[in-house]
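Examination of the molecular architecture
Each chain, letter by letter, is given below.
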Amino acid sequence: MKRIGIMTTGGDCSGLNTVIQRVVTGAMRRGWTVVGIMDGTDGLCVDPVRAVTFDANTLPIETARLAGSWLHNGHAGALNYETAAATGRLAEFNQTIRRALRHLKLDTLILVGGNGSLSLAWNNREIYADVSLVCIPKTIDMDIPLTDNTVGFDTAVSQVVSFCDQLILTARSHHRWFVVQTMGRDCGNLALHAGVAFGADAILIPEIKFDPDALVAHIQSRPRDYGIVMVSEGVSLRGHSGRPADIISRKLSAAGIANRAVYPEHFQRAGDTTAGDRILAARMADAALDAIDNNETYVMTAMQNGQCVTVPLSEFFAAGDVTDDPNISGMQTANAYVSPDDPLLMVAHNMGAYIGEEK
Ligand code: F6P
C-alpha cells in the first residue's frame, strides 16, 4: 500500500479540482492513501505541516468541476522559492521542504504545476530525494514544452470566448471596437485559440511582430464598424511602454476608430471546468497513477499526438526555451511558445484576421 501526496502550485486555473478528485478516486481504488498538501510549498514550510488525508467524501464529485484549487495554491509573501531566494534562504527552504516530505512519509508526490514549478522541481532535485516525483502540467498559458495540452487551457479559452460573446453586443450597439487583452505571459496560445474560436478581426501575439498602421488599415477595411481585436499580454511595441491593449487602443483612437480596451483578467482562470479539460484532467491523473505503478520518477504527464504519455523532466527542461526566472535570481525556466508553423495561424489569416507580419 502506497502513501502519495498531491499539491497544486503556481497560479490556479480551472481543472485542478478535477485532477485532484480523479487522483484520489484512482488511488483509493488501488488501496493507497492520498495526502493533500495545502497551499503548495507554503504548507510544507510551517510547523505543523498543513496537510489533509483524503477520504471518499473530502472532494465530492459535484465539486470537482469548480475552478480554483481545493488545496489552495499558496499565499503571497509566504516562505516559498521566490521569497527564500530574495532573502538568501534558498538552501534552508530546500531543506525545510525535504524534511516536511520525509515527515509526511510519502512514497510519491504528485506536483500539479506550470512551467515555473516544473522547472524549479528539476533545478532543485535535492528536495525530492526521499520521494518519487510525478508532475501534471497545468496552466492557462499553454507554455509548457513537450505537451500539446495543459489542464486549464481549454476552460480559459472558453472564458475569453464567453467574454467576447457578451462584449460584441455592446460593441455593435455603439459602433465601436474592443481591444481585449488576454493573459498568457510571453506566450500567445491563449489569445490565438480564443481569437480563432470567437472570430476576432485581429489577433496579436508576442511571437509575431505587427505594424500598427497595417492594423489600423485592416480595421478600416472591415465590412463592419465593430468587432474584437484580441491581444496577448506579452505583446510589446517598440518605443511604447504600458499595457498592450491600452497602447493599441490609443493607436486606433488616433486614427478615428471608436474603441475601448478591456481586460478579462482573472476571469480567465475561473469558470466551471469544460468537458475537454475534465477529460484531460482524468487522462493525466490516470497516467500519473500508472507512472507510480511503474516506479517512474522525475516525469511529467504529457499529451503527444492524442496519447497521454510520461516524459522525463530532464527532457521537458532540455526541450524548452530556457530563460532566467524573472522572480528568482539564479533560477531558470523552460518555456514553450506558439510555433511559426502552428496551423491555427494560417486558419486565423484565412478567416480574414490580421495576425501581423505574415509567413
Ligand atoms: O501563468 C498564469 C497567469 O495567469 C498568467 O497568464 C498571468 O500573466 C499571471 O498568471 C497572472 O498572475 P497573478 O495571479 O499573480 O496576477
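Residues numbered from 1 in each chain as written. Predicted model: local features only at pLDDT ≥ 70, side-chain atom pairs only at ≥ 80, totals over all residues. Heavy atoms only, no water.

Inspection of every chain in the model, using the stated rule, returns zero disulfides. The closest cysteine sulfur to the non-disulfide-bonded C13 is located on C187, 14 Å from its own sulfur. (Disulfide = S-S within 2.5 Å.)

The strands making up a sheet are joined through hydrogen bonds of the backbone, oriented either antiparallel or parallel. With parallel pairing, four strands are arranged side by side in an open sheet as β7-β8-β6-β9. Edge positions in the sheet fall to β7 (202-204) and β9 (259-262), since each has one partner strand and no second. Neighbour to neighbour, the strand axes of the sheet diverge by 15° on average, direction disregarded. Relative to strand β8 (residues 227-232), β7 runs parallel, the two sharing three bridges. By the bridge assignment for β8, L204 is matched with V231. (Pairing = 2+ DSSP bridges. Helix = DSSP H or I, 4+ residues; strand = E, 2+ residues; numbered from the N terminus. Axes fitted to C-alpha atoms, helices over the stretch in contact; angles between N-to-C directions.)

Between helix α6 (residues 189-198) and helix α11 (residues 343-350), the least distance of the axes is 10 Å, while the angle of their chain directions is 40°. When the interaxial angle is binned, α6 and α11 end up oblique. As for the relative orientation of α6 and α11, their crossing is left-handed in sense. Every residue of α11 that contacts α6 at L192, H193 and V196 is listed here: L344, L345, V347 and A348. Among the residues making up the contact of α6 with α11, the classes are represented as six nonpolar, one polar and no charged. (Parallel < 35°, antiparallel > 145°, perpendicular 65-115°, else oblique. Left-handed = near helix turned anticlockwise from the far one by under 90°. Contact = heavy atoms within 4.5 Å. Nonpolar A, V, L, I, M, F, W, Y, C, P; charged D, E, K, R; others polar.)

Here we take up the pattern of salt bridges. Throughout the structure, instances matching the rule amount to twelve salt bridges. Where R102 meets D130, a salt bridge forms, and the shortest distance between an N and an O atom there is 3.2 Å. Residue R102 is found in helix α3 (residues 90-103), and its partner D130 is found in the loop between α4 (115-123) and β5 (132-137); the two are separated by 28 residues along the sequence. Its relative accessible area of 46% is what places R102 among the partly exposed residues. Exposure remark for D130: the relative accessible area of 32% places this residue in the partly exposed category. In this structure, a network of salt bridges that share partners links the residues R30, D290 and D293. (Salt bridge = Lys/Arg side-chain N within 4 Å of Asp/Glu carboxyl O. Buried < 20%, exposed > 50% of the residue type's maximum accessible area, 1.4 Å probe, protein only.)

Now for the environment of G40. By secondary structure assignment, the location of G40 is in the loop between β2 (33-37) and β3 (51-53). Residue G40 is classed as buried on the basis of its relative accessible area, which comes to 0%. Excluding its chain neighbours within four sequence positions, the residues that come into contact with G40 are M7, T8, T9, H72 and N73.

This brings us to the site of the ligand. In the region of the ligand, the neighbouring residues are I140, D141, M183, G184, R185, E233, H266 and R269. The side chain of H266 places a nitrogen or oxygen atom 3.0 Å from an oxygen atom of the ligand. Here an oxygen atom of the ligand sits 2.9 Å away from a polar atom, N or O, in the side chain of R269. When isolated, the ligand has an accessible area of 400 Å², and the protein chains bury 67% of it. Across the shell around the ligand, the residue classes tally to two nonpolar, two polar and four charged. (Near = heavy atom within 4 Å. Polar contact = N/O pair within 3.5 Å; in protein donor to acceptor, adjacent residues only side chain to side chain. Areas by Shrake-Rupley, 256 points an atom, 1.4 Å probe, with all protein chains shown as cover.)

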